[in-house]
Amino acid sequence: MTESRHINIHVPVLARVEGEGALELNIRDRRIDELRLRIYEPPRLFEKFLVGRSYREVPDMVARICGICPVAYQMSAVHAIEQVFGCDPGPWVRAIRRLMYCGEWIESHSLHIHLLAAPDFLGYASAPEMARDFPREVRRGLQLQSLGNELIRLCGGRSVHPVGVCVGGFHHAPAMQEVARLREKLQAAVMDARALVEWTASLDLPDTPQRFTSVALRHEREYPMNEGRLVSDTGLDIAIDEFASHITEHQVPHSTAFHALLDGQPYLAGPLARVNLNRDRMPQSVSEIMRDIGIVFPSSNMFHSIVARAIEIYLAFIEAIRILEDYEVPASPRVSVSPCRGVGYGCTEAPRGLLWHRYELNDAGDVDKATIIPPTSQNQARIEQDLHESLQVYGLDRSDDEIRLFSEKIIRNYDPCISCSTHFLKVDIHRE
Amino acid sequence: MTPVRIIGIGSPFGDDQLGWLVVDALQQNRYLDQTLRQPLTYIKADRPGANLLELMQQAGIVILIDAMQTGAEPGAVKRFESHEVENLTMPWSSHGIGIASTLALARALGELPSRLILYGIEIEDARNPVCSLSQFDIDKIVRILVDDVRQLAL
């Protein structure tokens, strides 16, 4: 008997939601005939907007690409431009950039864990439903998120599309009083961040190991945020300048977002890949909690991503407190730069994974060409691969609703920058 | 006395700025400041998402002002009670946690203010981020809001 089902899941275009996603699934003879994650985001054209603009405008322009991870876009951009100018902004700027990145990880991961992912694992259709039964946990999550926003505000002037970052450093140095106040708040909440790791590890997560390649930055001493070499668990170890010789983007007809492949194969970027590859770069207290929760990293269970996010929130608290404890107001929050012609690369760890930028600048420091490869484009092929394997294991003879809900959960687990992460996917089912 | 907080929600793009412009006009008008006995604060928020919970803290009466599209005449003011907004279907995504979802979350956590009203002001096209601001009779919108907010706060 031949059974053919066509499940078409799509999100309607809604104000203030970026992108539109759909999953197309054709099943024949209880096998997946065709599986396509369709992302048809409206064209953003940022790479073209940047052409002709001064290097001074780039940090504020790229911050507009994403409301959740503007810091990542700013960081990859300033590092790339400083590489062209041969500029080293020094230890103070380096520390405050790391501090700002801690804020973004805390804010973005807290949001995803509590409002998007946790309802999936606790059996709720939405965060408000879950909040009725888990008010303490949701409140804790929102408080952690708020502290992440405060860190971004401290360094960038405001938490949405911050304006404090410039090539060479920052426009403004936080005052000692503000630093002391926020340090105390973080110290008061650090045990909440630790408790969050334990809570995520106690969730009843599906145990479905898969084979995948993790790719992340790796730094010689610290857990990577702004700097490092690109490494994988299959032997990749390259400078960020060599990214494009191993990782190539190609267009697929069913998506406006490019698919990026590592030497022709899908790969994972993001928190689980980072923890898998950098577990020996954790501060001691983070290593201890990782040992205590009993989950062994590197993990091949994609659903451990929620635990990896919580681990990174705790790490970001530890790092932010350390940086704030050592804080001193500098003579100047930035170094001067001398524009020149050249090509520069920046690759930093956005909350969702590697964010790679390449800029060609002219003699005045204006952009001749810009290339930006965001994490969602890098994870898209991996999400399709995961859906393929997971649905086969889950059972294709289940009801359409069960398959839809399970697929949503798989997609959300990657925290993609598309509206696929919604809990309100509209379903349109055709049977043949 | 119940503190009143007026929150304009918007973004810097086109008609989506309307919530902010109405808050600016209310602040300049000063009529509410002079006639209300309650402490009154104003906030302009850029797509606050779940941070709206934080912005509402310590306020007894919260007035939200946001641009909306229902097909009515541009500039028309619609008034919604909190429970009416919460029932709207809006998405949960990391980039677009809307007012409806946030208010539903606030209710679940027992953190809704004792009174919350959303004023939606009709605009023509929220999807065009580069459009310039259309002509609105801001004074008329302000007059409607001032009368209503005074009644509410009495």
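Since we're looking at a predicted model, the values are computed, not measured.

**Student:** What's the story with the overall build of chain A in this structure? I'm lost.
**Tutor:** Helices and strands together make up the secondary structure of chain A, namely 13 helices and 14 strands. When burial is assessed residue by residue, chain A has 61% of its 432 residues classed as buried. Taking the intrachain contacts of chain A between residues at least 6 apart in sequence as the baseline, contacts between residues at least 24 apart amount to 70%. For chain A, the accessible area works out to roughly 16600 Å², and carbon and sulfur atoms hold 49% of it.

**Student:** Help me understand the sheet that holds strand β4 (residues 77-81) of chain B, please; the structure alone is not making it clear to me.
**Tutor:** Backbone hydrogen bonds hold the strands of a sheet together, and the pairing may be parallel or antiparallel. Residues and elements named next belong to chain B. Spatially, the five strands line up as an open sheet ordered β2-β1-β3-β5-β4, and their pairing is mixed. The strands lining the two open edges of the sheet, one partner per strand, are β2 (40-46) and β4. Going across the sheet, the axis of each strand differs from the next one's by a mean of 20 degrees, ignoring polarity. Across five bridges, β4 lies against strand β5 (residues 115-122) in antiparallel orientation. Within the sheet, the bridge partner assigned to K78 lies in β5 and is G120. This element, helix α5 (residues 99-108), spans β1 (4-10), β3 (61-68) and β5 of the sheet and lies at about 160 degrees to β3.

**Student:** Just checking my understanding: could you explain the sheet that holds strand β13 (residues 367-373) of chain A for this structure?
**Tutor:** All names here are of chain A. Strand order in the open sheet formed by three strands is β11-β12-β13, and the pairing between neighbours is antiparallel. Each edge of the open sheet is held by one strand with a lone partner, namely β11 (342-350) and β13. Going from strand to strand, the sheet's axes swing by 15 degrees on average, the running direction of each strand aside. Pairing geometry for strand β12 (residues 353-361) and β13, over six bridges, is antiparallel. Bridging from a neighbouring strand, L361 pairs with V367 of β13.

**Student:** Would you take a moment to explain helix α9 (residues 271-278) of chain A for this structure?
**Tutor:** Within an α-helix, residues lying three or four positions from one another point in the same direction, as the helix has 3.6 residues per turn. Most of α9(A) sits inside the fold, with eight of its eight residues counted as buried. All of the buried residues in α9(A) are A:P271, A:L272, A:A273, A:R274, A:V275, A:N276, A:L277 and A:N278.

**Student:** So what exactly am I meant to see when it comes to the confidence of the model for chain B here?
**Tutor:** Close reading of the predicted structure is inappropriate where its pLDDT is low. Here chain B averages 84 in pLDDT, while 89% of its residues score no lower than 70. Scoring the predicted complex yields pTM 0.89 and, for the interface, ipTM 0.82.

**Student:** Would you take a moment to explain the environment of A:Y394 for this structure?
**Tutor:** All names here are of chain A. Positionally, Y394 belongs in helix α12 (residues 375-394). Residues Y394 and N362 lie 32 residues apart in sequence; the distance between their C-alpha atoms is 54 Å. Those residues in contact with Y394, other than ones at most four positions away along the chain, are E402, I403 and F406.

**Student:** Got a minute to help me understand helix α3 (residues 70-85) of chain A in this structure?
**Tutor:** If you check α3(A), its first and last C-alpha atoms are 23 Å apart, about what 16 residues at 1.5 Å a residue would give, namely 22 Å. One or two residues past the end of α3(A) sits A:G86, with phi positive at roughly 65 degrees.

**Student:** Would you explain the packing of helix α4 (residues 90-122) of chain A against helix α6 (residues 135-156) of chain A in this entry?
**Tutor:** Angle between the axes and distance between the axes are the two parameters that describe a pair of packed helices. All names here are of chain A. Relative orientation of the contacting elements α4 and α6 amounts to 155 degrees, with a least axis distance of 8 Å. As summarised for this structure, α4 and α6 are arranged roughly antiparallel, according to the angle between their axes. Both α4 and α6 take part in a crossing whose hand is left-handed. Within the contact of α4 with α6, the residues separate by chemical class into 14 nonpolar, eight polar and three charged.

**Student:** Help me out: how do you make sense of the pattern of salt bridges in this one?
**Tutor:** Where side chains of opposite charge bring their charged atoms close, a pairing between them can arise. The tally for this structure, following the rule as stated, stands at 33 salt bridges over all chains. One salt bridge connects B:R107 with B:E86, and the closest N-O pair in it is separated by 2.6 Å. Linking B:R107 in helix α5 with B:E86 in helix α4 (residues 82-86), this pair joins segments that are 21 residues apart in sequence. You can call B:R107 partly exposed: its relative accessible area is 43%. Take B:E86: its relative accessible area is 14%, and that puts it in the buried class. Three or more residues are tied together by salt bridges with common partners; here these are A:R94, A:R98, A:E222, A:E227, A:E319 and A:R322.

**Student:** When you look at the confidence of the model for chain A in this model, what are you seeing that I'm missing?
**Tutor:** Residue and element names in this part refer to chain A. For chain A, per-residue confidence averages 88 on the pLDDT scale, and residues scoring 70 or more make up 90% of the total. Predicted confidence for residues 7-19 stays below pLDDT 50, and this span has 55 contacts to residues more than four positions away or in other chains. Note on residues 418-432: pLDDT is under 50 here. Beyond four places in sequence and across chains, it has 67 contacts.

**Student:** Mind showing me how you'd approach the packing of helix α1 (residues 18-29) of chain B against helix α6 (residues 138-153) of chain B here?
**Tutor:** All names here are of chain B. Relative orientation of the contacting elements α1 and α6 amounts to 70 degrees, with a least axis distance of 10 Å. On the basis of their axis angle, the class for α1 and α6 is roughly perpendicular. Two secondary-structure elements touch here, α1 through L18, L21, V22, A25, L26 and N29 and α6 through I138, I141, V142, L145 and V146. Among the residues making up the contact of α1 with α6, the classes are represented as 10 nonpolar, one polar and no charged.

**Student:** What exactly am I supposed to notice about the nonpolar core here?
**Tutor:** Side chains that are nonpolar tend, in soluble globular proteins, to be buried together. Of all hydrophobic cores here, the largest spans 139 residues; its most connected members are A:F317, A:Y359 and B:L64. A total of 15 residues in this core trace back to one element, the largest contributor, which is α4(A). Each residue touching A:F317, except ones within four places of it in the same chain, is listed here: A:I106, A:L144, A:L147, A:L186, A:A189, A:V190 and A:A193. B:I65, B:I117, B:V142 and B:L145 belong to the second largest nonpolar core, which has 28 residues in total.

**Student:** Looking at this model, I keep getting lost on the side chain of A:S108. Mind explaining?
**Tutor:** Summarising the element assignment, A:S108 is placed in helix α4. In this structure, A:S108 is in contact with A:I68, A:P351, A:R352 and A:D415, ignoring residues within four places of it in sequence.

**Student:** Please explain the state of the cysteines as it appears in this structure.
**Tutor:** What we call a disulfide is simply a covalent bond connecting the sulfur atoms of a pair of cysteines. Residues and elements named next belong to chain A. Under the defined criterion, the tally for this structure stands at zero disulfides over all chains. Not part of a disulfide, C87 finds its nearest cysteine sulfur in C166, a span of 9.6 Å. The exposure class assigned to C87 is buried, which follows from its relative accessible area of 16%.

**Student:** I tried to follow the packing of aromatic side chains on my own but got confused; where do I start?
**Tutor:** Centre distance and the angle of the planes are the two values used to describe a pair of aromatic rings. Residues and elements named next belong to chain A. All chains considered together, the criterion is met by 12 aromatic pairs over all chains. Pairing Y55 with F85 gives two aromatic rings, centres 5.0 Å apart and planes at 90 degrees, and the pair type is edge-to-face. Taken together, the positions of Y55 in the loop between α1 (46-49) and α2 (58-62) and F85 in helix α3 put the pair 30 residues apart, joining distant regions of the chain. When the ring of Y345 is compared with that of W356, the centres are 5.8 Å apart and the planes differ by 35 degrees; the resulting orientation is tilted. Separated by 11 residues along the polypeptide, Y345 in strand β11 and W356 in strand β12 bring together distant segments of the chain. The same class applies to Y345 and to W356, which are both buried. The rings of W92, F170 and Y327 are connected pair by pair, giving a single aromatic cluster. Taking NZ or CZ as reference, R398 lies 3.9 Å from the ring centre of Y394, over its face.

Conventions we followed
Here the residue index of a chain counts from 1 through its sequence in written order. Throughout, the order in which chains and ligands are written sets their labels, letters from A for the former and numbers from 1 for the latter. Side-chain atom pairs in this predicted model are given and counted only at pLDDT of 80 or more, local residue features only at pLDDT of at least 70, and totals for whole chains, interfaces and linings cover all residues. Side-chain measures here rest on the full set of heavy atoms in the structure, leaving out hydrogens and waters. Helix and strand assignments follow DSSP, with helices taken as H or I runs no shorter than four residues and strands as E runs no shorter than two, numbered in order from the N terminus. Working definition: with a 1.4 Å probe on protein chains only, accessible area under 20% of the residue-type maximum means buried, over 50% means exposed, and in between means partly exposed. Whether two residues are in contact is decided by their heavy atoms, any of which lying within 4.5 Å being enough. Every accessible area reported is derived by Shrake-Rupley at a probe size of 1.4 Å, with residue values counting cover from the shown protein chains alone. Between any two strands, at least two bridges found by DSSP are needed for them to pair. All axes are obtained by fitting lines to C-alpha atoms, using only the stretch in contact for helices, and the reported angles, taken between N-to-C directions, cover 0 to 180 degrees. The quantity called pLDDT is the predictor's confidence in a given residue, expressed from 0 to 100. Multiplying 1.5 Å by the helix residue count minus one yields the expected span of that helix. Oblique is the label for any angle not covered by the other classes, which are roughly parallel (under 35 degrees), roughly antiparallel (over 145) and roughly perpendicular (65 to 115). Crossings are assigned a handedness: left-handed for a near helix turned anticlockwise from the far helix by less than a right angle, right-handed for a clockwise turn. Here the term charged refers only to Asp, Glu, Lys and Arg, the term nonpolar to Ala, Val, Leu, Ile, Met, Phe, Trp, Tyr, Cys and Pro, and the term polar to all other amino acids, Gly among them. Salt bridges, as used here, are contacts in which a Lys or Arg side-chain nitrogen is within 4 Å of a carboxyl oxygen on Asp or Glu. We define the nonpolar core as a collection of buried residues of types Ala, Val, Leu, Ile, Met, Phe, Trp, Tyr and Cys that are connected through side-chain atoms lying within 4.5 Å of one another. Disulfides are defined as cysteine sulfur pairs within 2.5 Å. Note on ring pairs: Phe, Tyr and Trp rings are taken, using the six-membered ring of Trp, and paired if centres are within 6.5 Å. Classes follow the plane angle, with under 30 degrees stacked, over 60 edge-to-face and the rest tilted. In this scheme, the term charge over a ring applies when either NZ of a lysine or CZ of an arginine sits within 6 Å of the ring centre and within 35 degrees of the ring normal.

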